[in-house]
Structures are given as C-alpha cells and as structure tokens.
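Fold and geometry: a report
Here's the letter readout for the chains.
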Amino acid sequence: MVTHEIAVVPGDGIGNEVTESAMTVLKAITESNNFDIELDTFDWGSQRYLNEGEMMPEDGLDQLEDFDSVFLGAVGHPDVPDHITLSGLLLPIRKGFDQYICKRPNVLFDGIESPLRGYTGNEIDLVVYRENTEGEYADVGGREHRNQDHEVAIQSATFTRRGTERIVRRAFEAAVDRDGHLTSVTKSNVQTYSMVLWDDIVEEVSEEFPEVTVERLLVDRAAMDLVQRPDKFDVLVASNLFGDIVTDVAAAVTGSLGLAPSGNINPEGTHPSMFEPVHGSAPDIVGEGTANPLASILTGAMMLDHLGEPDAATEVRRAVDEQLAASDGPRTPDLGGTATTDIVTEDLLDWIRP
Ligand code: NAD
Ligand code: IPM
Ligand code: MN
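Here's a quick rundown of the structure. These figures come from a predicted structure and were not determined experimentally.

Neighbouring ligand 1 are 21 residues; Val75, Asp82, Glu276, Gly280 and Asp284 lie closest to it. Contact between ligand 1 and Ala282: an oxygen atom at 2.8 Å from a main-chain N or O atom of the residue. When isolated, ligand 1 has an accessible area of 800 Å², and the protein chains bury 72% of it. For the shell around ligand 1, the per-class residue count stands at eleven nonpolar, six polar and four charged.

Another point: the pairing of strand 9 (residues 213–218). When strand 8 (residues 181–186) meets strand 9, the two strands line up parallel, connected through six bridges. Looking at strand 9, one finds that His181 is bridged to Thr213. A crossover connection joins strand 8 to the parallel strand 9 through helix 6 (residues 194–206); in handedness this β-α-β unit is right-handed.

The next thing to look at is the site of ligand 2. Around ligand 2 sit Leu86, Arg94, Arg104, Arg130, Tyr137, Asp244 and Val278, and that is every residue in its neighbourhood. The contact in question runs from an oxygen atom of ligand 2 to an N or O atom on the side chain of Arg94, over 2.6 Å. Here an oxygen atom of ligand 2 and a side-chain polar atom of Arg130 are 2.7 Å apart. The fraction of the free accessible surface of ligand 2 (320 Å²) that becomes covered by protein chains is 78%. The residue makeup of the shell around ligand 2, split by class, is three nonpolar, no polar and four charged. Lining the shell around ligand 2 are residues from two domains, each supplying at least three of them: domain 1 (1–100 + 264–354) and domain 2 (125–253).

About the cut-offs
Residues numbered from 1 in each chain as written. Chains lettered and ligands numbered in written order. Predicted model: local features only at pLDDT ≥ 70, side-chain atom pairs only at ≥ 80, totals over all residues. Heavy atoms only, no water. Near = heavy atom within 4 Å. Polar contact = N/O pair within 3.5 Å; in protein donor to acceptor, adjacent residues only side chain to side chain. Areas by Shrake-Rupley, 256 points an atom, 1.4 Å probe, with all protein chains shown as cover. Nonpolar A, V, L, I, M, F, W, Y, C, P; charged D, E, K, R; others polar. Pairing = 2+ DSSP bridges. Helix = DSSP H or I, 4+ residues; strand = E, 2+ residues; numbered from the N terminus. Right-handed = clockwise from strand over helix to strand, strands pointing away. Domains from an automatic or database assignment.

Here you go:
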C-alpha cells in the first residue's frame, strides 16, 4: 500500500483550527481507499518567530524537500508585521520550490447563496491560474534616505518570458480540459512593458490552442465583471498580484472565503507542491472555534488529486457537495449558520463514511 508523506505547517491563527479538520478528513478518507497518509507537523510560524526570531529554520526548505506535498494552514499574526512573516515562511516556499502555478477554483455550490442575485448552484464555476513565483511579488527594490523628507521606496515587478509563458500555457491547457474559454487579466494600458510582454505571450501561445477562445480584460474591468457576470468565466490567467486580488473576489461571489481552496503547484515535480486555502489567519475570529474548515478540506482534495488519488479527492468533494446541499446541514457563521468548526467537520465525516 502506498504511503503519501505530507509535511503539515498549520502556521498561525485559524490555520491551526482548519488544518486539524482537514487532516481528520484526510485520515478518514484513507480508510475507504487503498493508500495511507503520514503526517509530519512543523511548528513553524509567528509564535516561533516571537520565541526564536525565525519563522522557520534556515534549512526549512531542505527539511520539506523530500515530502510528497506540503499542507499549509495560514500565516499572519497581529503582533508581527506581515512583510516579515510572509517573506519568512510562505513566499520562500512558493518561490524556492518553483510552485509556479497557483490554481484556485471557485464553484457556487448547490445550497449556497451567492451575495449576488440570481445565481444558483453550479452556475458559477471558474478557475484562476495565478502566476506564483515572480511579477509584482519579486523581492526587488529598496528604501533609501529613511525617515527623511526625501525618503524613497522602489518596488520593481519582474516579468520574464519563461515565467509568463509557462503559466499562460498551463492555463490554456486547463481551458482545453474545461469549457475552452480563457480570460487573460492584465493592466497593459499602464503597465506598458511587463503587461504588454504578457499580452504578446498570450497571443503567441494562443496559436497552439486554436480551440480556445481568448478574452483580454484589464484588471479593473475583470473585477467588475466577476461581480456582474461571474457565470461567463471559465479559466482566468493573471499575474501574481492580480491573481491574488481576483481570487478573493471570486471567493466572495461564490459565498465565502471559507469555501475557497488553493494549490501552489510545481507541475514538473522537481520540488514538492504546497496546498493551502485562499484565506489567511483571520485574527478577527481566531479562537472562537467558528472558522469554516471547508476551504481547507477542499484544499486537501486538491492535494489528493495531485498525489494521484483522484477517487479519494472525488469522495471528499462529493461529501462537501452533499453536506452543503442538505437543507438542514450545519453551517459556520460565514455561511449564515451558527455551527462550529468541529460540528461541520464531524458532520462531514458522516457524509464520507459508508
Ligand atoms: P483573511 O483571509 O485572514 O480574512 C478575511 C476575512 O474573511 C475575515 O473577516 C475572516 O474572519 C474571514 N475568513 C477568512 N477565512 C475564513 C474561514 N475559514 N471561515 C470563516 N471566515 C473566514 O484575510 P486578512 O484579514 O486580509 O488577513 C489576515 C492575516 O492573514 C494577515 O496577516 C494576512 O497577511 C494573512 N494572510 C495569509 C494568507 C496565507 O497564509 N495564505 C492568506 C491571506 C492573508
Ligand atoms: C494568498 C495571500 C498571500 C498572497 C499573502 C499572505 C502573501 O493573500 O495566498 O492569497 O498574497 O499570495
Ligand atoms: Mn490573497
């Protein structure tokens, strides 16, 4: 029997709460499938930073390298500036492991009410392919003349032909497997170098995929259209920052950030991929025990697909579908209910167990 070895980094805030739920569900799913999962938990995060001055050990990536996948909760703590926590843990893993696809699907589940009028179950079903290693997230820049009137900060974005081409190509491939429609999100009217390179590459790669219809939207318009006509999207491809922004919008129109999974994928498998929900550490609700665990559980399903366990992944997604479609099913407060994280998780286990 194959055993998948997973490095688990619950991280900060509700990351701990939802990761526990996801791991419980993953363990349960192995019982009806012919594989095992071994979980190794790492206490990396802001508490470690506050105690020891480091989010993760210096050789953190080496420690993760031999795992089949990494599962992350969330990073971010009100007592530590975000630029320290995130460049001390999350971003070095995405970049260091060349997880260049950030894949973020958003579905309006049956039984979930969109804040938008007129949409019912499964009428919104899109996936964002977000570039995940460069662009606006490049650690390039500096600050000079600190605290003087003429203080200057420069933050450069880095767009490479290779980096753009590979995410764009993967997004086209995804469109072929889905409804054959791709939306490229840019701001090439003002980002006249980087985003025009992006547009050129979309044009070039589109020639390899004549069956895919291509739409180009400026990011402001894309944000509006995601609210006004979310059902018309299929695959979106966007730079690191724009992908970050549109995936929060897409999560909101499909009901809640608490339902939005994400994978940071290195498709060549040269390093492990990392799976984490779209949401953060939610300091406003931490400790209340009411975080929605479903984003993290659906993230677990994405990881199962990646590990080559599509049947188990489908089983998890079916259980979530059925739980949400049940009119009397438990809901956490983000979905308008009063249930706790544990109640939702326990109930989900009943949908999984035969
Ligand atoms: P957030 O995603 O943590 O929270 C946004 C809002 O959504 C909050 O009101 C929160 O309560 C709610 N929410 C999020 N997840 C939920 C869930 N599972 N169930 C119910 N409600 C949920 O975003 P933020 O407030 O902008 O950021 C908080 C911290 O998290 C910051 O430090 C930020 O840098 C960090 N962050 C980390 C990640 C990550 O690690 N992947 C992602 C986003 C933000
Ligand atoms: C996300 C988060 C991260 C990002 C932050 C926490 C660095 O917002 O995963 O969406 O911007 O990628
Ligand atoms: Mn985000």
